[in-house]
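# Structure assessment
Residue strings, one per chain:
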Amino acid sequence: MPILKLIISCKNALTLKYGAADFKKVDALLAKLAAADKKKGITTKVVYIDDPASASKAGIPVFASTTEKDCKNAVDALYTKSKPDYILLFGAQDIVPFVSIVNPAAAGEDPDTTVPSDLPYACDAPYSTQAQDFIGPTRVVGRLPDIPGKGDVAYVQALVDTASGWKPGKAADYSAYFGITAKVWQKSTSLSLQSVFGNFSALLQCPSDTATSKSGNLKPLSHFINCHGAALDYSFYGQMGMSYPESMNTKDLTGKIGKGAVVAAECCYGAQLINATNAGGGTQLSISNNYLLNGALGFLGSSTIAYGPADSNDQADLVCVYFFQSVLKGASMGRSLLEARQQYLSKAGPHLDPVALKTMSQFYLLGDPSVQPVENPMDNKKAAAGADTIKGRRLQLFNKGAVLQHSTIPCKKVPVKKSVRRRKDIRTILEQEGMMASKEEHYIADPKRQRASLAAKQMAGGPIQFRTFTLATPEKGKKRVRQIKLLLVKESDSGILDYHVYFAR
Amino acid sequence: MANMVELQGKVVLKKFAPGSKSEHDAVFLETDDQSYQLRRLGGNPFDDPALKAMVGKTVKAKGLLNDQLFIAHELKEGEGA
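Each chain carries its own residue numbering, running from 1 in the direction its sequence is written. Chain labels run from A onward and ligand labels from 1 onward, assigned in the order the entries are written. Whole-chain, interface and lining totals are the exception, using all residues; otherwise, since this is a predicted model, local features are given only for residues with pLDDT of at least 70 and side-chain atom pairs are given and counted only at 80 or more.

## Things to note about the interface of chain B and chain A
Short version of the rule: By the convention adopted here, residues make contact when the C-beta atoms placed from their backbones lie within 7 Å. Numbering of helices and strands runs from the N terminus, with a helix taken as a DSSP run of H or I at least four residues long and a strand as a DSSP run of E at least two residues long. Any residue outside Ala, Val, Leu, Ile, Met, Phe, Trp, Tyr, Cys, Pro, Asp, Glu, Lys and Arg is labelled polar, Gly included; the first ten of those are nonpolar and the last four are charged.
Facing 25 residues of chain B, the contacting portion of chain A comprises 34 residues. For the side of chain B that touches chain A, the secondary structure elements donating two or more residues are β1 (3-16), β2 (24-30), β4 (58-66) and β5 (69-77) of chain B. The element best represented in the side of chain B that touches chain A is β5(B), accounting for three residues. Taken together, the residues of the side of chain B that touches chain A sort by class into eleven nonpolar, eight polar and six charged.

## Here we look at the pairing of strand β7 (residues 177-182) of chain A
Residue and element names in this part refer to chain A. Note the following rule: Think of it as a crowd count around each C-beta: if 20 or more other C-beta atoms lie within 10 Å the residue is buried, if 12 or fewer it is exposed, and in between it is partly exposed, with C-beta placed from the backbone throughout. Strands were regarded as paired on the criterion that DSSP finds at least two bridges between them.
Within β7, six of the six residues are buried, which leaves the element mostly enclosed by the surrounding structure. Every second residue of β7 is oriented toward a common face, with Y177, G179 and T181 on one face and F178, I180 and A182 on the other, all of them buried. Sheet topology note: the β7/strand β9 (residues 222-226) ladder contains five bridges and is parallel. Opposite Y177, over in β9, you have S222 as the bridge partner. As paired elements, β7 and strand β8 (residues 203-206) share four bridges and run parallel to each other.

## Overview of the domain arrangement of chain A
All names here are of chain A. Cut-off, in case you're wondering: Domain segmentation is taken from an automatic or database assignment of domains.
The domains assigned to chain A are domain 1 (141-375) and domain 2 (410-504). Contact with domain 1, which involves seven residues of that partner, is made by ten residues of domain 2. Only β15 (351-352) and α11 (354-362) provide two or more residues apiece to the side of domain 1 that touches domain 2.

## Side note on unusual backbone geometry
Residues and elements named next belong to chain A. In this structure, the amide linkage connecting C206 to the following residue, P207, adopts the cis form with an omega of 0°. Looking at where P207 falls in the secondary structure, it is placed in the loop between β8 and β9. You will see that K83, though not glycine, has its phi angle at about 50°, which is positive. By secondary structure assignment, the location of K83 is in the loop between α4 (68-82) and β3 (86-90). Its identity is not glycine, yet L232 carries a phi of approximately 50°, on the positive side.

## Some remarks on the sheet that holds strand β10 (residues 228-229) of chain A
All names here are of chain A. Taking strand neighbours across the sheet as the criterion, the three strands line up as β10-β11-β12 in an open arrangement whose pairing is antiparallel. Across the chains shown, the open sheet's two edge strands, defined by having one partner strand only, are β10 and β12 (246-249). The sheet contact formed by β10 and strand β11 (residues 235-237) spans two bridges and is antiparallel. Residue pairing in the sheet places H228 in a bridge with Y237 of β11.

## Regarding α11(A)
In terms of burial, α11(A) is largely enclosed, as nine of its nine residues are buried. The set of residues buried in α11(A) consists of A:P354, A:V355, A:A356, A:L357, A:K358, A:T359, A:M360, A:S361 and A:Q362.

What follows is the structure in structure tokens.
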């Protein structure tokens, strides 16, 4: 069977944004990408879900409107019809919208109301805005963005040229990295780099050694960034104490990136595609948009506020680490994201707390999902012997995703119910951690709500409860709030199972 | 699409997104009926001394409103206070 890739987009939105003449140029560029894919053994088809002829040719009904729900339904219909090995969503959110997931962590102090997400497009579950519904990713998906709010054919051409002209490099080409961290997260980032590259000797800390994207060497092909980020902003930031110096600005990237770079950014809003009109930013490009314009193959990042501990690895750290590990082993970028999602779900589950659900939803890949940064010599050898390794992996990943969908138990927020039976134990933890005056939220992950046999439900045990306690601690001797602790307590009917403390950044 | 609006309110300092990678002491503009995270166009979103100097004061601000984030293009102190 041929390896199939679908480029999915919306003709009306593109025509409105680019004008009829420039839409034809964009359409021709997508055809150019398809032609380049053909030489790589990939059959690529462009589908405009709102164009009757294109939709009919693809075997799906035409979608007259292209709301989030329509686009999700169209992708599902195309997947059911064709079982593509790669799904490329073409365009920024004003062409193919992200699905606005209700922020599962919003009940605490997290100000994001929704999480713009591509995760639903990677799942078989039908359209929904609940993160709890998308816990079984099965599809390889990426988004080749254009510039939000601006029809720029030259930008699209640059990205298509990068993807179509790429030939997989050697693993050694990606062993050197540009790694930068907020100084307060140095331990966490060191662990991440050690896991991916086997060392953290090249890690830059900000502030320290005047480490910024201006001073750092951006030519290495692997970029790992663990800094602060803000909504509608064109920079990332370091941190030491109350000082937050700029560590990277989009302007500093131009002409400095190594061709073929792959980026994983843990930063809050790290992959946000900014419409400059909303940010008052003039003609600036968001960091992710500019990375791609300057020759990066892909950018993995978050749409919203992300989480991770200071001194260990969890949440955003793990998604980025797993993604890079797959890339370095020779996976395509899209498969790397799917594997990272599945691996993170396996690690965070089976009972998923609200922060894990948000982490799953918020990371997306910007770049052509079929592009393989690093060659896989073993695959080439197997292909020569007639083995279809891509189809084999899709089968495996599909089934793994399906198993996760049924075996992972997402939590749901419930009204705070003070624990009577375990009051003493919880009090002990709160006292030990100095969190007696903290704000409490309550979530339940109930395996009984999952579809499973009676025996399986009995074996799964009762509901798991998560209690989060958030506390702002005044700095010693001062009135100003300086430190926040977030305590996550996991309980079953029989008692407290575990707890974790996340410190302020 | 963000709208250019004019807001008046009191500038206060509050913890933003505690426990997350964005956690910091952020400046907010508290109007009669809403609280918005306040930033200056081009200012450091995590540490803007010019904004922090306005904490406790009543200001009139003109800028872009994106959901709960207000990016101020103009800030005037004390007007209408």
